[in-house]
Amino acid sequence: MIGKLNLTFVGILILTIQSCVVQKAVYTEDLNKNFNEQKEKFITNKRLAGDSINNFKVYYSDQTINRDYEVVSYNQVTSWIPFRPFVFKKWEVKYRLHQYMHNAYCLGLLQSIDAMIVDADLSGVKYIRYNDSKKNQFVKPGKQEYSRGVIGGLGKSLSGIINGGYFLNRDVNCLKSNRHEFGFLAGLNAKVETKISNIQTTNKDGGFFTLNYKYVYSYNISEYFSNTWNKRMKGNGLFTELGLDVNVLNTTNNSSKKERGDALISSDKTRITSLFGLGVYTGLKCNLNSNMSLNLGASFNPIGLGNFNSNKRSYQLRPDEKYNSYQTLQLNDFSLRVFLRVIYNL
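Residues numbered from 1 in each chain as written. Predicted model: local features only at pLDDT ≥ 70, side-chain atom pairs only at ≥ 80, totals over all residues. Heavy atoms only, no water.

## So, the overall build of the protein chain
For step 1, the next point in the chain: In terms of helices and strands, the protein chain carries 4 helices and 14 strands.
For step 2, the next point in the chain: For 346 residues, the compact-globule estimate of 2.2 N^0.38 gives 20 Å, and the protein chain exceeds it by more than 25% at 32 Å.
For step 3, the next point in the chain: Counting over 346 residues, the protein chain shows a buried share of 38%.
For step 4, the next point in the chain: Just so you have it, the protein chain exposes about 20600 Å², and 59% of that area is on carbon and sulfur atoms.
For step 5, the next point in the chain: Charge centroids of the protein chain, computed over 44 positive and 27 negative side chains, lie 4 Å from each other. (Helix = DSSP H or I, 4+ residues; strand = E, 2+ residues; numbered from the N terminus. Rg over C-alpha atoms; globule rule 2.2 N^0.38 Å. Buried < 20%, exposed > 50% of the residue type's maximum accessible area, 1.4 Å probe, protein only. Areas by Shrake-Rupley, 256 points an atom, 1.4 Å probe, with all protein chains shown as cover. Lys, Arg positive; Asp, Glu negative; His and termini not counted. Charge placed at Lys NZ, Arg CZ, Asp CG, Glu CD.)

## Quick look at unusual backbone geometry
For step 1, the next point in the chain: The residue S197 is not glycine, and still its phi comes out positive at about 55 degrees.
For step 2, the next point in the chain: Its place among the elements puts S197 in the loop between β8 (190–196) and β9 (199–220).
For step 3, the next point in the chain: Non-glycine residue N230 carries a positive phi angle of around 55 degrees.
For step 4, the next point in the chain: Summarising the element assignment, N230 is placed in the loop between α4 (221–229) and β10 (238–260).
For step 5, the next point in the chain: Taking relative accessible area as the criterion, N230 reaches 1% and is therefore assigned buried.

## Things to note about the nonpolar core
For step 1, the next point in the chain: Ranked by internal contacts, the top residues of the largest apolar core, which has 23 residues, are L97, Y100, L110, M116, V118 and Y127.
For step 2, the next point in the chain: In this structure, Y59, A115, I117 and I128 belong to the second largest nonpolar core, which totals 6 residues. (Core = buried A, V, L, I, M, F, W, Y, C linked by side-chain atoms within 4.5 Å.)

## Remarks on α4
For step 1, the next point in the chain: Buried residues dominate α4, accounting for 7 of its 9 residues.
For step 2, the next point in the chain: Listing the buried residues of α4 in full gives I221, S222, E223, Y224, S226, N227 and T228.
For step 3, the next point in the chain: Buried positions along α4 lie against α3 (84–106), β9 and β10.
For step 4, the next point in the chain: Positive phi appears at N230, one or two residues downstream of α4, with a value of about 55 degrees. (Contact = heavy atoms within 4.5 Å.)

## Details of a positive patch on the surface
For step 1, the next point in the chain: A grouping of K41, K90, K94 and K231 is seen on the molecular surface, where their side chains present a positively charged patch.
For step 2, the next point in the chain: Summarising the element assignment, K231 is placed in the loop between α4 and β10. (Patch = residues over 30% accessible without salt bridge, like charges linked within 9 Å, V, L, I, M, F, W, Y side chains within 5 Å. Salt bridge = Lys/Arg side-chain N within 4 Å of Asp/Glu carboxyl O.)

## So, the packing of aromatic side chains
For step 1, the next point in the chain: Evaluated as defined, the whole model comprises 9 aromatic pairs.
For step 2, the next point in the chain: Between Y95 and W229, the ring centres sit 5.7 Å apart and the planes meet at 75 degrees, which makes this aromatic pair edge-to-face. Here the residue Y95 occupies a position in helix α3, and W229 occupies one in helix α4, the gap between them amounting to 134 residues.
For step 3, the next point in the chain: Within the aromatic cluster, the residues linked to one another by ring pairs are Y219, Y224 and F225.
For step 4, the next point in the chain: In this structure, R67 is placed above the aromatic ring of Y130, and the distance from its NZ or CZ to the ring centre is 3.9 Å.
For step 5, the next point in the chain: One residue, K214, lies across the ring of F339, its end atom 5.5 Å from the ring centre. (Phe/Tyr/Trp six-rings, centres within 6.5 Å; stacked < 30°, edge-to-face > 60°. Lys NZ or Arg CZ within 6 Å of the ring centre and 35° of its normal.)

## Some details on the sheet that holds strand β4 (residues 125–130)
For step 1, the next point in the chain: Across the sheet, 4 strands lie side by side as β1-β3-β4-β2; this open sheet has mixed pairing. Because the sheet does not close on itself, it has two edges, and the strands there are β1 (57–59) and β2 (69–75). Strand-to-strand twist across the sheet, computed as the mean angle between neighbouring axes with direction ignored, equals 30 degrees.
For step 2, the next point in the chain: Direction of pairing for β1 relative to strand β3 (residues 115–118): parallel, over a ladder of 3 bridges. Among the inter-strand pairings, Y59 is bridged to a residue of β3, identified as I117.
For step 3, the next point in the chain: Sheet strands in contact with α3 are β1, β2, β3 and β4, and its direction is about 130 degrees off that of β3. (Pairing = 2+ DSSP bridges. Axes fitted to C-alpha atoms, helices over the stretch in contact; angles between N-to-C directions.)

## Describing the state of the cysteines
For step 1, the next point in the chain: Under the counting rule described, the total for this entry stands at 1 disulfide.
For step 2, the next point in the chain: Disulfide pairing is shown between C106 and C174; the S-S distance is 2.0 Å. Taking the torsion about the sulfur-sulfur bond, which here is approximately -125 degrees, the covalent link between C106 and C174 counts as left-handed. Of the two residues, C106 is situated in helix α3 and C174 in the loop between β6 (160–171) and β7 (176–187); the sequence distance between them amounts to 68 residues.
For step 3, the next point in the chain: Free cysteine: C286, not disulfide-bonded; nearest cysteine sulfur from C174 at 18 Å. (Disulfide = S-S within 2.5 Å.)

## Describing the pattern of salt bridges
For step 1, the next point in the chain: Applying the stated criterion across every chain, the model contains 12 salt bridges.
For step 2, the next point in the chain: For R67, the salt bridge goes to D132, with nearest N and O atoms at 2.9 Å. Taken together, the positions of R67 in the loop between β1 and β2 and D132 in the loop between β4 and β5 (147–156) put the pair 65 residues apart, joining distant regions of the chain.
For step 3, the next point in the chain: For R67, a relative accessible area of 35% corresponds to the partly exposed category.
For step 4, the next point in the chain: Taking the shortest distance from any N to any O, the salt bridge between E181 and R179 comes out at 2.9 Å.
For step 5, the next point in the chain: Judged by its relative accessible area of 4%, E181 is buried.
For step 6, the next point in the chain: Overall, the relative accessible area of 1% leaves R179 in the buried class.

Here it is in C-alpha cells:
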C-alpha cells in the first residue's frame, strides 16, 4: 500500500514538473513571437534600417550562448501601467522585451550590441556584444550639452502678463529632459472704475514686475507610448512638465483713488516687494518642429521670503500717512498665472 502511494506521489510530481516545463516553454515561445512582431513594428515606427537591428537576439540564460561576449550594460526598466494589477501579466508577455530593446535604443546602445540576456523573471536585462562582433565599438556617451533658446508669450492672472526669457535645455535620454529658464514677468494693471452719485472710484490692481527662474522637468509622453506600448503618436512630440518656480525681486503695485469731480477725496497706494517668491510650475509642451515648441503652463508662488510693504494714504484735508513693514515669511495669494508661450531653439 505504501509502495503504491509512493509511486502515485512520484507520478504526480513528474507530471507537475513536466507541466511547469511545458508552461515555461510556451511562455518563452510567446515572448519570442511577440518580440519579433514588436521588433518589426518598432523598426518601421523609428525608421531604422540595417541587418544589425534585424539580427538582434534575445537570450533567457547565458548558458545558451556559445560565443564569447562582453556585458555592455545592465538595466532594470520600469513603466507606469494603468490598472497594473489587472493587465500587467498580459502586458509583460507582449511588450516587456520590446521595452528592453527600446531602452537600448534610448541609451544609444542598440547599434553597438548584438543581443540581450533577460532575467528569468523579466526584471532586468544585460546588453551584450560578441567579442568577434562586426558592429562599431560602443563608446560611452558624455553628458549631453545644453541647447539654448528664447521664450516669449502672454499670460493671465488678475491682469495680462508678458513673459520673456532665455533657457538652457538638456536631454537626459529620449524620455526625459530638464530645462533652466531665466527671464522676467510683467503684469499690467487692471483698471476698474465705478461711480456712485458724484463720487468716482478708480482701482488699479495686479501690476507687477519680477525676474523669474524655472527649473523644469519634462517627460516625453509620445516616447512613453513608444517605450511601453510600441505605439507611435502622430506629431512631433508631447511633453508633460513639472518644476520649481522662483520669482526674484517681485514688485507689486496697487492703488485706489476716490474723487468728487476734480477734487481728490482720498488715495491709497501700496507697494509690496518680495526678495523671493517660491512656487511650482506645471504645463504641457508640444513640439511644432525641430526648433519651435508651443507651451501651455501654469504657476503660482504662495510663499514670499523677505517682504517689504509700503503704503501711502492721501486725504483732501489731512496730511499724508505712510506705513512701512517687513515680514520674513509671507503667504501670498494662491491665484494661478496661466501662460501660452513659444519656445524657440537657437
